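Residue strings, one per chain:
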Amino acid sequence: MKAELGDIHAKNEKSPSSLSIMWRELVKDKLALGSLILLSLILIVVYGASLLLDQDEIVKVDLLDIYSPPSAEHWLGTDYGGRDIFGQLIIGARNSFTIGLAITLITGLIGLAVGLIAGYFGGVIDNIIMRIIDFILVLPFLMLVIVVVAIVPKYNIFTFILIMSAFLWTGKARLIRAKTLAERELDYVSASKTLGTPDWKIILFQILPNLSSIIIVNLTLNLAGNIGIESGLSYLGFGLPESTPSLGTLVSYAMNPDVLQSKWWVWLPASLLILVMMLCINFIGQALKRAADARQRLG
Amino acid sequence: MAFLKVNHLKVYYPVRGGFFRRIVDYVKAVDDISFELRQGETYGLVGESGCGKTTTGRTIIGLIKATAGEILLEGTDLTKLSRRQFYSYRKDIQMIFQDPYSSLNPRKRVLDIIAEPIRNFEKLSPQEEKRKVQYFIERVGLNPESIYKYPHEFSGGQRQRIGIARALTLNPKLIIADEPVSALDVSVQAQVLNFMKEIQKEFQLTYLFISHDLGIIRHMCDRIGIMYRGRFVEEGTSEEIFHHPQHIYTKRLLSAIPNADPRQRRQQFQLREEVEREYKQLYHRYFDDEGKVHPLKKISETHSVAIP
Amino acid sequence: MTGKPILEIDHLRVSFRIQDQYYAAVDDVSLTVNENEVVAIVGESGCGKSALALAVMGLHPPQKTKLEGSITFKGMNLLSLSTSQLNKIRGKDIGMIFQDPLTALNPLMTIGRQIEESMDYHTKLSSAEKRQRTLELLKRVGIPNPEKTYHRYPHELSGGMRQRVVIAIAIACEPSLIIADEPTTALDVTIQAQIMGLLKELQQQMKTGIILITHDLGVVAEMADRVAVMYAGEIVELADVETLFHHPLHPYTRSLLQSIPSAQTRKEKLHVIQGIVPSLQKMPRTGCRFQSRISWIDESKHEPNPILREVEPGHWVRCTCYQHFYFPHDHIGDVGYGIS
Amino acid sequence: MLKFILRRIMIMIPQLFLLSVLVFLLAKAMPGDALTGQLASNPKMDAQTLAEMKEKLGLNDPVHVQYMRWMKNLLHGDLGMSYIHQQPVNDLLAGRMWNTILLSAAILILTYMIAIPLGIISGRWTDSWADKLIVGYSYVSFATPLFIFALIMLFIFGFKLGWFPTGGSVDIQVEKGTFAYYVSKLNHLLLPALSGALINTVGTIQYLRSEIIDTKVKDFVKTARAKGVPESSIYWRHILRNSFLPIAAFLGYEITGLIGGSIFLESIFSYPGIGQLFLQSIMQRDYSVVTALVMISGLATLIGTLLSDIILSAVDPRIRIE
Amino acid sequence: ASNNKDNKNKQTAQKEDIGKFPMTVKNDGKIVDGVLKYGLVSDTPFEGTLSYAFYEGQPDAEILQFFDESLFRTNGDYEITNDGAATYKLSADKKTMTIKIKDNVKWHDGEPVKAEDLEYAYLVIGNKDYTGVRYGDALIQDIVGMDEYHSGKADKISGIKVIDDKTLTITWKHANPSVLTGIWAYPLPKHYLKDVPIKDLAKSDKIRKHPIGFGPFKVKKIVPGESVEFVRNDDYWAGKPNLKGVILKVVSPQVVLQALKKGEIDIAEFPTDQYLNAKGTKNLQFIGKVDLAYNYIGFKLGHWDAKKQENVMDNPKFQNKKLRQAMAYAINNKEVADRLYHGLRFPATTLIPPSFPSYHDKNEKGYTYDPEKAKKLLDEAGYKDVDGDGFREDPNGKKFTINFLSMSGGDIAEPLAKFYMQCWKNVGLNVQLVDGRLAEFNSFYDMVEKDDPKVDVFAAAWYTGTDVDPYGLYGRNVMFNYSRWVNEKNDELLEKGHSEQAFDKEYRKKIYNEWQELMNEEVPVIPTLYRSIIYAVNNRVKNFTVDPSSKLTWKDVGVTSEQPEVAQ
Ligand SMILES: Nc1ncnc2c1ncn2[C@@H]1O[C@H](COP(=O)(O)OP(=O)(O)OP(=O)(O)O)[C@@H](O)[C@H]1O
Ligand SMILES: Nc1ncnc2c1ncn2[C@@H]1O[C@H](COP(=O)(O)OP(=O)(O)OP(=O)(O)O)[C@@H](O)[C@H]1O
Ligand SMILES: [Mg+2]
Ligand SMILES: [Mg+2]
Ligand code: NI
């Protein structure tokens, strides 16, 4: 006698347009909605302004203007090279967000492909893939990144994204594999098989749509983590070159105790921006997570 | 000639273990069973949980590879076919799944769900395809409008019928129904059972009906096979099984069915105790030293029992 | 045969909060359970059976649920007790058996510990005594090797064994009331038969009252003394078991009995109940709730505000429509379009 | 059990081998070597001597020869010589490793000491103000880079308040082996460990919280309630034990993270450990140290995952290791 | 906007002048028997190779100064004097030096420091099993018989003779005035080390854990990598040191100021980039001097022929002297020095820094910022903007791009490189960073040493050491002549600079003035900045000095109160 009860659950659990449920859930959660609006605003400002700003102009060294505190000319003051912090903040935010997004998407894509294949086919393929993933997980991530960064000759945003992605896809692959394994056991997959649908079609058109909500949630939450990802490396001196401003670079200026203590305008805005963006994305992610998980839904 | 003939089918699942995750043992899910289905009949497969019913069904339709034995569909051995060859036989065998919730992809519209096999096997224009889907959806008693809806908008019974419509689009000859109603509420269950009977006549279907509910088996099936630990203990017509059970295990199974008449309560309990006693006493006569079932022996034209 | 009442449920309403609104899943239910009596509650999925049982146990999450009415157990109103007061009753005076024996047991605790746990809080036995008693209990519910099983973990037992353990937990402190929520649904027929036998036996030995929740009318027929049929949160019919099976009155009860294929008799076609149970939020709150599913009966035949009436001594039926109910000729008439 | 561990170790061998090839190739691919830029700090040098030293260090041999030599030594447990430290890597690490192990262990312990109560509060009283506070904290520390946080901690607790020593691993003036020595060691450990733990703990808190929320509604919890088990015991006996399982499962990967984090902490707190050594060795192209450290941290992770599995099997009877 | 900037100019102009820094701490207090806490500023632990013959990292050298020392003291020109633990005498042909160790010079274990200890030091460094880097020293290789010993043909160095317990002579193949600044005079305690094979010396406990020397303090305890405890050497040859002991610990540059303020350390070499912030701290004094180093920008003019061991000047790109000069005129070093370094670095005028007061040519003005002159020179040389893109083309009218290699590290690296590039851009030169970014230390030197064709111009720095002779950096046959510039006149001057004649200081000065002039004229490298080194010292410290000409040593350093002063 489970049918009708299940029916009600099912209605919520796997609705056709998970997007619309997610949207509903977002709108219902004031915090998430606020976050979404704030984040969009930030992104519009950041991307809009970075089109207007001239990056070369911003990173231009002006020795007459070192560490000047906020003023009308430099809204957020300047750094030790006399470079405008506000401009760096905008461009940095754009770069950092782009990096975060790109890493999230690339790792998502790789993780998705690998996870789906491993999970769906199982057996030997799964075994091989899982061994590879295990191996990558064992690699001391930070150490190898540092080594790789030292090797790469032309080191820029693009290579940075690639390097990070090369290590970070494994977590997603594991997640998606696990979900695919579970999904594979469901009868609709068996049904498709008995109906003569080829495997690739089953993976792409049957299983994938059912993983979409979990993927979206995971990617969102990951995005939050990936925004500040280069700050640690910047601290160690393996971050992006300074001619490519990023939030992490700005934050890592704080390792100079003088800057940390008395030149707040250099690092604090970037830290706050990271925090705000992360919080926004996190709140949105949490709302999406609730949307994906019927039990926690607000309604 | 038998429409579907299963000969000495064995399906073993490997059990891995030891130092290198080698295969150390096998779960003998299906261990040498043979039976045949005739055109247009409903063959029931009953047994306790884990006795291998699902495995049998899924092996016949090709979801699981047989370890040994043959599955002859109108004379062709399905187990010997390559993937490509098997493809054309797909159409002849279809399946109705136990769980009407998980067997329909929640992200697909009814139209896409039912059209999936059509798209795989026939090249139809979208209009033709839609017409065909609508025909079947009407045949299973749903509103043709509903093809644009998603599964969650239907009740369990309706979903099960969508599943059936999907299976019917390919004009199958054999439908394997693995516990098609056990996930459904009593009232909905009746709908589906009635409906299955109805389309059987209409489409000349042969059913392999798997269930552990003897009430339903009795209601649906012409012939019944009782399974126990991957083997058959008894096979016969519905009449024979229910009224003249021969194997002690069959008797025990039957006696366990609750009697819907409260007045018979006492008798039922007594009967059960008796059978239980008998089962214990006669266990060694019906099972060999390893607790396995003996091979089937014909005791009449239609009735076979596993006795030494 | 049955004794004085131990549990009296009076005008109980259980409402769940969904999107800031409360919806009653159990609506105005009154029911009495006497000593040494098995009261069965049957009905389709979602009709509120479990909600009722959990209300008696006080297991509904307080933030999400509203409980109205009263549940009197041995003179105390359970609804007014605090959690710690409830804890003195739960497990000691009222035991509960859950449907799914795998999930109902803590996977990380040995069987023995799980059974002993309720004694920890309700008895003052020494650990040796508790162990002794646990082994007895295990033997009593028919577990072949209690000593060994004591140290086992749930996953090492089969479904039937686990359900026996769950029963052993429920009866550990010899409660005067046992609530069994679908105790055999997850089990095979043969094991179901064993468990039913066991329950019956224990009940007769201990003279407890049992609330038996099930959707299997066969089980009801074999086990119950009285039966309450629930539909959409309400009791629609209440009678002793023989009356219910042989003279059912409410259209829902009658339809239900008609739609079950039985191993004993064989019919060509089964009766089908039209439509589906409306969901909690869409449930009509006035009028006869079964009305939409027997559309061929004229609307005027239903009461505007149906109440549960005692039509014969001990036989209660809701709404007057039963007097006018008949089965339509076309049994599959339900295969109508649309979704409710 | 023993068999299981053996089997896991057998699996580890090819992984470590692969890791060794990878790290060796990477190390060799880095521009420069230990002798690059010698003169910048040492004005008295000439080209021949430099070439001679290169030859002596074997830097002129083909990569595979160097690898084989390195591998051979490795198999004998010899990690090679550190050029920069002019000391066998084994000796070098023996000193440093202990510090890092201590630091990591302290972080781990503190992490759990913080995460468990907070996670429990947060999971048990979801949506209470305490929960909101904890979730807020976890977001903030999620967004705060470890090195900034550590610096701030150092300024506040080390300098402003003066509660903790501000660098080093032990006070030089205490006699080794005395009680004061251990107190001093602990004292030096506390601030870096706390800084690490406060940031590191976030993941565990969130994990625990959602695990508890999940476990809370499981059927066996209902059973326990139906038994009349008081609320506190329900949490301790039933919910928490089950919620801890996934945390135990992550222990192995936690270790990798700790080694990464130690790079930051050690340099800020002048705490001589392998994290900082790694950074230094990379900068100075002290290959033998770099490769040794990567190998060791790979091994540590492997052992960590093995440990996870063993713990898991000890706690969870469903996972049986034969 | 320039107006605006001038305003700010005033606001932020906080210029220091290293010349005005005191070189010795001022403290009139009475010395008490106390322990000094010395901060070793480093963001990595020290390596702990505690021997002059073996150490490589600067931190180790800072530790060594407390317990071991050279046999000689030096004067303001870093030339050895006879005030130290030993006296010397040069033979008439200036090729042989007789060294006599004073009698009361004893190792920390009480054994006297003997002539054979110094010989032993040479035997170790010259040995083929030796693992350190000191053999690169040209003066060591120049000793008679060293080659034979190094290649294993001899088991003694024929040029080193132990005359008696306390006396030995060293004979060089060439007379070279650099012996006065560069002679290796760090004996090794033979009696203590002789049992350890030379190849194992560097890693032995005798050097790493229980090193001995004959300096003012003895090593009491070492916590590897982080701290060292020293106690007074009562038997110090120059008298009893004032301090009861010294505790040295590693302090990361990020917290050094805080540690100093709190009195956790008494003395530390202070990071110049934090000076502005630290200036005026009540409990500290800052002393400083010009460092023995300079920054420069080099042009790649050819390559190093490893077979012939000589530089070949074959890269045509910068052969035009005027182009090089123009680039030198184009850069504004004054601005860099004042703004980025607040005057703690200052524009370099020649390739011999003022820290060699006798040799630095004060009259040589070097290249001062003059963009107009730069443009004029470029015009003259034929580098004109013919296609009007704002950048000059080469004399053939082809695009002219300069690839600039600069090293990363430290905060200032990037703006500095950017600034130079902007300067060149201002005179119409198109300068691009190699690979579009700053190069990390190793890649930098890898490219520079291997004459990577990607590199046209590079910015680097040289630490000169105490030996003024620039041959090792600019000679025809030295690999470290990174610009690969060769010139007859240069060869001649450098040769003369370390000839026998050059023992005459005036002569040597004349030669080096000539050389400085030549280098400024030819500009194979543009000297850019001189650096300074400053120490932060707690007020309680007395007699601490950075003045090379001062007679004060660690023996004299004392404290005037038990506890350090704390900034409020
Ligand atoms: N993928 C598998 N790997 C290993 N063993 C399996 C697998 N699937 C099923 N089995 C085992 O094979 C046996 C038969 O399983 P099967 O599902 O066919 O039984 P069933 O009769 O359908 O049971 P139920 O009534 O519970 O559906 C069982 O013992 C089961 O544990
Ligand atoms: N915690 C809850 N929050 C909201 N609605 C609930 C909750 N628990 C139950 N319901 C709803 O209350 C109604 C009654 O549920 P209940 O579990 O009592 O049904 P049931 O009769 O036990 O069904 P089943 O036979 O499936 O166990 C259902 O519509 C169900 O969806
Ligand atoms: Mg099955
Ligand atoms: Mg229920
Ligand atoms: Ni009615």
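Residues numbered from 1 in each chain as written. Chains lettered and ligands numbered in written order. Predicted model: local features only at pLDDT ≥ 70, side-chain atom pairs only at ≥ 80, totals over all residues. Heavy atoms only, no water.

- Per an unreviewed UniProt entry, chain D is named Peptide/nickel transport system permease protein, and its organism is Saccharococcus thermophilus.
- Check the Sequence similarities (unreviewed entry) section of the UniProt entry for chain D; it says "Belongs to the binding-protein-dependent transport system permease family."
- UniProt, in its Subcellular location (unreviewed entry) section for chain D, records the words "Cell membrane". (UniProt positions renumbered as here; feature names shortened; annotations may be inferred.)

A word on the sheet that holds strand β12 (residues 304-306) of chain B
Residues and elements named next belong to chain B.
- Read across the open sheet, the 8 strands follow the order β6-β7-β8-β3-β9-β10-β12-β11; overall the sheet is mixed. The sheet is open, and its two edges are formed by β6 (93-96) and β11 (296-298), each paired on a single side. Put simply, the sheet's adjacent strands are angled 20° from each other on average, direction ignored.
- Sitting on the sheet, helix α6 (residues 186-203) touches β3 (42-47), β6, β7 (174-178) and β8 (206-210), and the angle it makes with β8 is about 155°. (Pairing = 2+ DSSP bridges. Helix = DSSP H or I, 4+ residues; strand = E, 2+ residues; numbered from the N terminus. Axes fitted to C-alpha atoms, helices over the stretch in contact; angles between N-to-C directions. Contact = heavy atoms within 4.5 Å.)

Observations concerning the arrangement of the chains
- Taken together, the 8 pairs of chains in contact show their highest number of contacts between chains D and E.
- Where chain B comes nearest to chain E, the C-alpha atoms are still 44 Å apart, and the two do not contact one another.
- With respect to C-alpha atoms, chain C approaches chain E no nearer than 47 Å, and the pair has no contact.

Here we look at unusual backbone geometry
- Even without glycine at this site, aspartate 28 of chain C takes up a positive phi of about 55°.
- With respect to the helices and strands, aspartate 28 of chain C occurs in strand β2 (residues 21-34).
- Judged by relative accessible area, which is 34%, aspartate 28 of chain C ranks as partly exposed.
- Even without a glycine there, the phi angle at asparagine 543 of chain E is positive, about 70°.
- Assignment of secondary structure puts asparagine 543 of chain E in the loop between β18 (541-542) and β19 (558-559). (Buried < 20%, exposed > 50% of the residue type's maximum accessible area, 1.4 Å probe, protein only.)

Side note on the sheet that holds strand β4 (residues 160-164) of chain E
Residue and element names in this part refer to chain E.
- Reading across from one edge, β2-β3-β5-β4 is the order of the 4 strands in this open sheet, with antiparallel pairing throughout. Two strands bound the open sheet, and with one partner strand each, they are β2 (86-90) and β4. Going across the sheet, the axis of each strand differs from the next one's by a mean of 20°, ignoring polarity.
- Contacts from helix α3 (residues 115-126) reach β3 (96-101), β4 and β5 (167-171) within the one sheet, and its direction differs from that of β4 by about 170°.

A short note on the domain arrangement of chain D
Residues and elements named next belong to chain D.
- Domain boundaries assigned for chain D yield domain 1 (16-89) and domain 2 (90-320).
- Using only C-alpha atoms to locate each centre, domain 1 and domain 2 end up separated by 34 Å.
- Facing the 27 residues of domain 1 at the interface are 22 residues of domain 2.
- When domain 1 packs against domain 2, close to 2,100 Å² is buried across both sides, 67% of that on carbon and sulfur atoms.
- One can count 0 salt bridges joining domain 1 with domain 2.
- Where domain 1 packs against domain 2, one counts 8 residue pairs in polar contact (both at pLDDT 80 or more).
- Listing elements by their share of the side of domain 1 that touches domain 2, those giving two or more residues are α1 (2-29), α4 (63-75), β1 (81-82) and β2 (87-88).
- For the side of domain 1 that touches domain 2, the element with the highest residue contribution is α1, accounting for 7 residues.
- Looking at the side of domain 1 that touches domain 2 residue by residue, the classes come out as 17 nonpolar, 7 polar and 3 charged. (Domains from an automatic or database assignment. Buried area = accessible area lost by both parts, 1.4 Å probe. Salt bridge = Lys/Arg side-chain N within 4 Å of Asp/Glu carboxyl O. Polar contact = N/O pair within 3.5 Å; in protein donor to acceptor, adjacent residues only side chain to side chain. Nonpolar A, V, L, I, M, F, W, Y, C, P; charged D, E, K, R; others polar.)

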